[in-house]
Amino acid sequence: MTISLSRRAFVAGGAALPIACTPMAAHLPLPSADAGPVNPLVRQRADAQVFRHDDGFYYLTGSVPEYDRLVLRRSKTIAGLATAEERVLWRHQASGPMSGFIWAPELHLIDGRWIMYFAAGPSGGGEDVFRIRTFAVVCDGPDPMAGNWTVLGQFQAPWDSFCLDSTSFVHRGTRYFAWAQREPGIETNSNLYIAPLASPLTLARPATRLSIPTLDWEVRGFKVNEAPAVLARNGRLFMTYSASATDARYCLGMLTAPEDADIMDPRAWTKAQMPVFVTSRETGVFGPGHNSFTVDEQGRDILVYHGRDYERIDGDPLFDPNRHTRVQRLYFKADGSPDFGVPVGNGPLPVRLLGPDGSALCCEEGRLFVGAAHLASTQFRMIEDAAGIVTIQPILRRDELVTVLPDGGIGLARNGASPAQRFIAHRSAEGTVSLESAARRSFALSASRTLALVPAPSATLWRVD
């Protein structure tokens, strides 16, 4: 099982800091908790959208490897989406402009109607199958899992050109549409555009071009800006997007605008000059991209995206089926901007162990310490087995775990370390966690300039974030 999480706290800046010991609260055994999400959340579902609706359900849709249908599933929990029944809402037509590839669906409730946007092209082979345009289907009832879905029509884009990856959001009372399209006269595969909606398929005013792929990490393989997703937090709008080819070079970029700005003015948006989320060979996730945002059951921000478990692809990456839906916590930097970290890899979601002043247990270059570090260096998987033994594993060092060394010190060992070298977790009445040595039950892991075991009654209580 996975250790349950507490609320987020920021990591203090600066060098490694000592943490004052506090009296140990009365310990309660760490309770059995419902398993949280495990990555990959849903296999072979690319371009994933997950959101939590007012009805208390999480909804998930995405591209299927066959590119021939629109699907939807729902669950009361994010973890439950992994095994939730999936309904086919609509299949591509026998002929015509929606008879070929079906890409990148997104579900939205607009003016009381469930509408799913998607990109589609004609069948028949040849280049014509990439005559991709944006369309929508609509549900005839209030329950998207039970109603009948029919074609609403084609999005009236500014140009009759390659158009895909549409999303919609409401900002300051106005509903906007954001999408990717190839603009005549600009030699790119796709750029990013935004405009307010007059109706689900028509714009209320001319579109604004927000971004063209020009940076080196946006043009690897193809010149691509696509798949916009919007998050409003901390006085700003953050628009993530995907760039480059859909292999291991695929990555996320980000635009930022003040929330009180005129977001139709391209000058209001600032482009990050480096990608914010990229392949991680350390964690084994390749080509992370086409993301969406949601919140978990505690209201904490969650990043949803797809990625593969391997780098080498035979043939066209679009026809490799193993872009899996993945989720992970989205943290924030001290300035209020998102900290995406790295794709956290397969398995239960990692956590951070924080001391009373917010300093974190860190693992960098094989060294364990308490202080501040890049987000990924502060993330560990904590997995408890049936005997109550807890494994603490740095996400960047998948073959090692935090152990009690033979001399009583704290360090890293290969995964073959014995249970006696690991820990037993207890939660205090206040929700903090102590980590007792499995072999030396009267001693627990405490935080100071040098990590060590100390007598349990005086050990630091960690917050699991």
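Reading the values: rules and limits
Residues numbered from 1 in each chain as written. Predicted model: local features only at pLDDT ≥ 70, side-chain atom pairs only at ≥ 80, totals over all residues. Heavy atoms only, no water. Helix = DSSP H or I, 4+ residues; strand = E, 2+ residues; numbered from the N terminus. Rg over C-alpha atoms; globule rule 2.2 N^0.38 Å. Buried < 20%, exposed > 50% of the residue type's maximum accessible area, 1.4 Å probe, protein only. Contact = heavy atoms within 4.5 Å. Lys, Arg positive; Asp, Glu negative; His and termini not counted. Charge placed at Lys NZ, Arg CZ, Asp CG, Glu CD. Phe/Tyr/Trp six-rings, centres within 6.5 Å; stacked < 30°, edge-to-face > 60°. Lys NZ or Arg CZ within 6 Å of the ring centre and 35° of its normal. Core = buried A, V, L, I, M, F, W, Y, C linked by side-chain atoms within 4.5 Å. Pairing = 2+ DSSP bridges. Axes fitted to C-alpha atoms, helices over the stretch in contact; angles between N-to-C directions. Disulfide = S-S within 2.5 Å. Polar contact = N/O pair within 3.5 Å; in protein donor to acceptor, adjacent residues only side chain to side chain. Salt bridge = Lys/Arg side-chain N within 4 Å of Asp/Glu carboxyl O.

1. Thoughts on the overall build of the protein
Okay, step 1: Tallying secondary structure elements over the protein gives 0 helices and 37 strands in all.
Okay, step 2: What you see for the protein is a C-alpha radius of gyration of 24 Å, in line with the 23 Å of a compact globule of 465 residues.
Okay, step 3: Overall size of the protein, expressed as C-alpha extent along the three principal axes, is 70 × 45 × 45 Å.
Okay, step 4: Within the protein, the proportion of its 465 residues that are buried is 58%.
Okay, step 5: At a minimum sequence separation of 6, the contacts of the protein that also span at least 24 residues come to 53%.
Okay, step 6: The centroid of the 46 positive side-chain charges in the protein is displaced by 2 Å from the centroid of its 48 negative side-chain charges.

2. Details of the packing of aromatic side chains
Okay, step 1: All told, the structure shown has 22 aromatic pairs when counted by the stated rule.
Okay, step 2: Between F57 and Y59, the aromatic rings sit 6.4 Å apart at their centres with planes inclined by 65°, giving edge-to-face as the arrangement.
Okay, step 3: Consider the rings of F177 and W179, whose centres lie 5.7 Å apart with planes at 35°: the pair is tilted.
Okay, step 4: Judged by relative accessible area, which is 0%, F177 ranks as buried.
Okay, step 5: Taken together, the aromatic side chains of Y117, F155, W159, F177, W179 and Y193 make up a single cluster linked through ring pairs.
Okay, step 6: Note that R74 overlies the ring of F57, its terminal NZ or CZ placed 4.6 Å from the centroid.
Okay, step 7: Over the ring of F57 we find K76; its NZ or CZ atom is 4.2 Å from the centre of that ring.

3. Comments concerning the nonpolar core
Burial of nonpolar side chains together is a common tendency in soluble globular proteins.
Okay, step 1: Judged by nonpolar contacts, the single largest core of 43 residues is most densely connected at W103, Y117, W179, I194, M239 and W269.
Okay, step 2: Secondary-structure elements contributing two or more residues to this core are β7 (102-110), β8 (113-120), β9 (133-139), β11 (163-171), β12 (174-181), β13 (191-199), β17 (236-243) and β18 (251-258).
Okay, step 3: Residues V390, A425, A447 and V464 belong to the second largest nonpolar core, which totals 24 residues.

4. Some details on unusual backbone geometry
Okay, step 1: Going from N39 to P40, the amide bond is cis rather than trans, its omega being -5°.
Okay, step 2: Turning to its location among the elements, P40 is positioned in the loop between β2 (38-39) and β3 (46-52).
Okay, step 3: Phi angles above zero are rare outside glycine, and D165 is one such case at about 60°.
Okay, step 4: As for its position among the elements, D165 is in strand β11.
Okay, step 5: Residues other than glycine seldom take positive phi values, yet E365 does so here, at roughly 50°.
Okay, step 6: Within the secondary structure, E365 sits in the loop between β27 (360-364) and β28 (367-371).

5. A closer look at the sheet that holds strand β20 (residues 286-295)
Okay, step 1: Spatial ordering of the open sheet is given by β20-β21-β22, a layout of 3 strands whose pairing is antiparallel. Where the open sheet ends on each side, the last strands, each with one partner, are β20 and β22 (324-329). On average, each strand axis in the sheet is inclined to that of its neighbour by 30°, with strand direction left out of account.
Okay, step 2: When strand β21 (residues 301-308) meets β22, the two strands line up antiparallel, connected through 6 bridges. The residue bridging G307 from the neighbouring strand is H324, located in β22.

6. Concerning the sheet that holds strand β6 (residues 86-91)
Within a sheet, neighbouring strands are paired by backbone hydrogen bonds and run either parallel or antiparallel to one another.
Okay, step 1: Spatial ordering of the open sheet is given by β3-β4-β5-β6, a layout of 4 strands whose pairing is antiparallel. Edge positions in the sheet fall to β3 and β6, since each of these pairs with one other strand and no more. Sheet twist, expressed as the mean angle between neighbouring strand axes with direction ignored, is 20°.
Okay, step 2: Here strand β5 (residues 69-75) runs beside β6; their pairing, made up of 5 bridges, is antiparallel.

7. With respect to the state of the cysteines
By definition, a disulfide links the sulfur atoms of two cysteines through a covalent bond.
Okay, step 1: Under the defined criterion, the tally for this structure stands at 0 disulfides.
Okay, step 2: There is no disulfide at C362, and the cysteine sulfur nearest it, in C363, is 8.9 Å away.

8. Let's talk about the pairing of β18
Okay, step 1: Counting buried residues in β18 gives 7 out of 8 residues, a clear majority hidden from the surface.
Okay, step 2: Summarising the sheet, β18 and strand β19 (residues 270-271) pair through 2 bridges and their orientation is antiparallel. Among the inter-strand pairings, L255 is bridged to a residue of β19, identified as K271.

9. Examining the side chain of S280
Okay, step 1: Along the chain, S280 falls in the loop between β19 and β20.
Okay, step 2: In terms of polar contacts, S280 uses its side chain to reach the side chain of E282, at 3.4 Å.

10. Points about the environment of A204
Okay, step 1: Examined against the element boundaries, A204 turns out to sit in the loop between β14 (202-203) and β15 (208-211).
Okay, step 2: Along the backbone, A204 and H426 are 222 residues apart, and their C-alpha atoms lie at a distance of 57 Å.
Okay, step 3: In this structure, A204 is in contact with P196, L197 and A198, ignoring residues within four places of it in sequence.

11. Observations concerning the environment of N415
Okay, step 1: When you line up the elements, N415 lands in the loop between β32 (410-414) and β33 (423-428).
Okay, step 2: Each C-alpha atom, one on N415 and one on Q393, is 8.7 Å from the other, the two residues being 22 residues apart in sequence.
Okay, step 3: With sequence-adjacent residues up to four places away left out, N415 is seen in contact with Q393, R398, D399, E400, L401 and R422.
Okay, step 4: In terms of polar contacts, N415 uses its side chain to reach the backbone carbonyl oxygen of R398, at 3.1 Å.

12. Concerning the environment of R267
Okay, step 1: You can see R267 is positioned in the loop between β18 and β19.
Okay, step 2: In this structure R267 comes out as exposed when scored by relative accessible area, which is 73%.
Okay, step 3: With 10 residues separating them in the primary sequence, R267 and A257 have C-alpha atoms 8.9 Å apart.

13. A look at the pattern of salt bridges
Okay, step 1: A complete count under the given rule lists 23 salt bridges for this structure.
Okay, step 2: E66 is the salt-bridge partner of R69, the closest N and O atoms lying 3.1 Å from each other.
Okay, step 3: One salt bridge in this structure joins E183 and R209, with 3.0 Å as the shortest N-O distance. Of this pair, E183 sits in the loop between β12 and β13 while R209 sits in strand β15, and the two are 26 residues apart along the sequence.
Okay, step 4: Relative accessible area serves as the criterion here: at 34%, R209 is assigned to the partly exposed category.
Okay, step 5: Each of R43, D309 and R326 takes part in one network of salt bridges that share partners.

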